[in-house]
Amino acid sequence: MTRYLVGRLLGLVTVLFVTSLVVFGTVHLAPGDPVSFLLHGRPATPETVVALRSQYHLDDPLPVQYAKWLGGVLHGDFGRSAQYHQDVASLIGSRLPGTALLVGYAALLVVVLGVTAGVLAALRPGIADRAVLLGTGVATATPSFVTAIALVSLFSVQLGWFPGPGGTPEGLGERLYHLTLPSFALALTFAGLLARVTRSAMLDELGRDHVEVARARGVAGRAVVRRHVLRNALGPVVTVGGTMLAGLLISTSIVETAFDVSGIGSLLVQSVTAKDFAVVQAITLLSVAAFVLVNLVVDLLVPLIDPRLSLSGEGTS
């Protein structure tokens, strides 16, 4: 276990280092000059331009800029936002609760809808199975922004059951109410995928010999499903579900922009448009770190759920 954890942590550090290089190089090779955004189209003297480039270290060679940025990151300093004129860490921290609540709500919907639909399809062959396959097929093939437009048009504009984009809700209950449509828009595609994985895993376990033996011994149907089928099927479900949780973090930008949610995703879109290098680098690096950490946690949980799998066996990455 110790050797495995050390190996995975070293892999995490390597991935983050390579990611930092790629993100830093890609952002700085993009066309355009951030100084033009800082000036907001106003004319400026050469001295002002030089001062701005010096303030944001834009006049240093790229390797020097990277070394300064990486050194700051290791000390918790992600730099200063050129767009919002404040520390990137504080800016992300102020947006993080909104994204965390949205992802948590969506993750709950993914688990409830995906696992329930998958179990129903596996245990009810025929109309129910075909209906689940059709519904999940539509859900997985529909982009999040299309789902968002449809949900707003139906439940906000026509029926008036939920508020539309924007607004400043207060209190946890009101915030969850405002995040219901965005959470569904974010969750539906992943719920469809998880339903298909759950269905496949359940059908695989239903055909195993020990399940037939349990049924032949007169064990009740619900007990067979609970003890011998669902429990053994949780391994691949948890593995894929963990990857989907990390995918939710990356997919928030589209939904947050569509519903005007003040979160990390919408901040990333705004920062890319404005060429706010420090913010883009920080969010991308944190997203990759979250993705790898979630996969590590899943790798540690799967053997506990299904003892047939060991840490040296199949993993999530």
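To be clear, the structure that these remarks concern was listed above.
What counts and what doesn't
Residues numbered from 1 in each chain as written. Predicted model: local features only at pLDDT ≥ 70, side-chain atom pairs only at ≥ 80, totals over all residues. Heavy atoms only, no water. Helix = DSSP H or I, 4+ residues; strand = E, 2+ residues; numbered from the N terminus. Contact = heavy atoms within 4.5 Å. Areas by Shrake-Rupley, 256 points an atom, 1.4 Å probe, with all protein chains shown as cover. Buried < 20%, exposed > 50% of the residue type's maximum accessible area, 1.4 Å probe, protein only. Expected span 1.5 Å × (residues − 1). Arc of directions from axis to C-beta. Core = buried A, V, L, I, M, F, W, Y, C linked by side-chain atoms within 4.5 Å. Axes fitted to C-alpha atoms, helices over the stretch in contact; angles between N-to-C directions. Parallel < 35°, antiparallel > 145°, perpendicular 65-115°, else oblique. Nonpolar A, V, L, I, M, F, W, Y, C, P; charged D, E, K, R; others polar. Left-handed = near helix turned anticlockwise from the far one by under 90°.

1. Structural notes on the overall build of the protein chain
Helix and strand counts for the protein chain stand at 13 helices and zero strands. Here the analysis covers contacts within the protein chain between residues at least 6 apart in sequence; of these, 72% occur between residues at least 24 apart. Carbon and sulfur atoms form 67% of the exposed surface of the protein chain, whose accessible area is close to 16900 Å².

2. Things to note about unusual backbone geometry
Although it is not a glycine, D260 adopts a positive phi angle of roughly 55°. Mapped onto the elements, D260 comes out in the loop between α11 (221-259) and α12 (264-273). Relative accessible area serves as the criterion here: at 57%, D260 is assigned to the exposed category.

3. Section: helix α4 (residues 62-74)
Helix length check: α4 (13 residues) gives 18 Å between terminal C-alpha atoms against 18 Å at 1.5 Å per residue, within 8%. Looking at α4, one finds that the buried residues are Q65, Y66, W69, G72 and V73. The buried residues of α4 all sit within an arc of 135° when viewed along its axis, so they share a single face. Away from its buried face, by an angle of more than 90 degrees, α4 presents the exposed residues P63 and L74.

4. Remarks on the nonpolar core
In this structure, L179, A185, L186, L248 and F259 are the most contacted members of the largest nonpolar core, which totals 24 residues. When contributions to this core are tallied by element, the ones reaching two or more residues are α5 (88-123), α7 (144-158), α9 (180-206) and α11. No other element matches the eight residues that α5 contributes to this core.

5. Looking at the packing of α5 against α12
Relative orientation of the contacting elements α5 and α12 amounts to 135°, with a least axis distance of 8 Å. As summarised for this structure, α5 and α12 are arranged oblique, according to the angle between their axes. Touching L91, I92, R95, L96 and T99 of α5 are I264, G265, S266, L267 and Q270, all from α12. Across the contact of α5 with α12, the residue classes break down as five nonpolar, four polar and one charged.

6. A closer look at the packing of α7 against α9
The contact between α7 and α9 brings their axes to 9 Å, and the two run at 145°. Seen along the crossing, α7 lies across α9 with a hand that is right-handed. Of the residues in α9, those in contact with S144, T147, A148, L151, V152, F155 and S156 of α7 are L181, F184, A185 and L188. Residue composition of the contact of α7 with α9, grouped by class: eight nonpolar, three polar and no charged.

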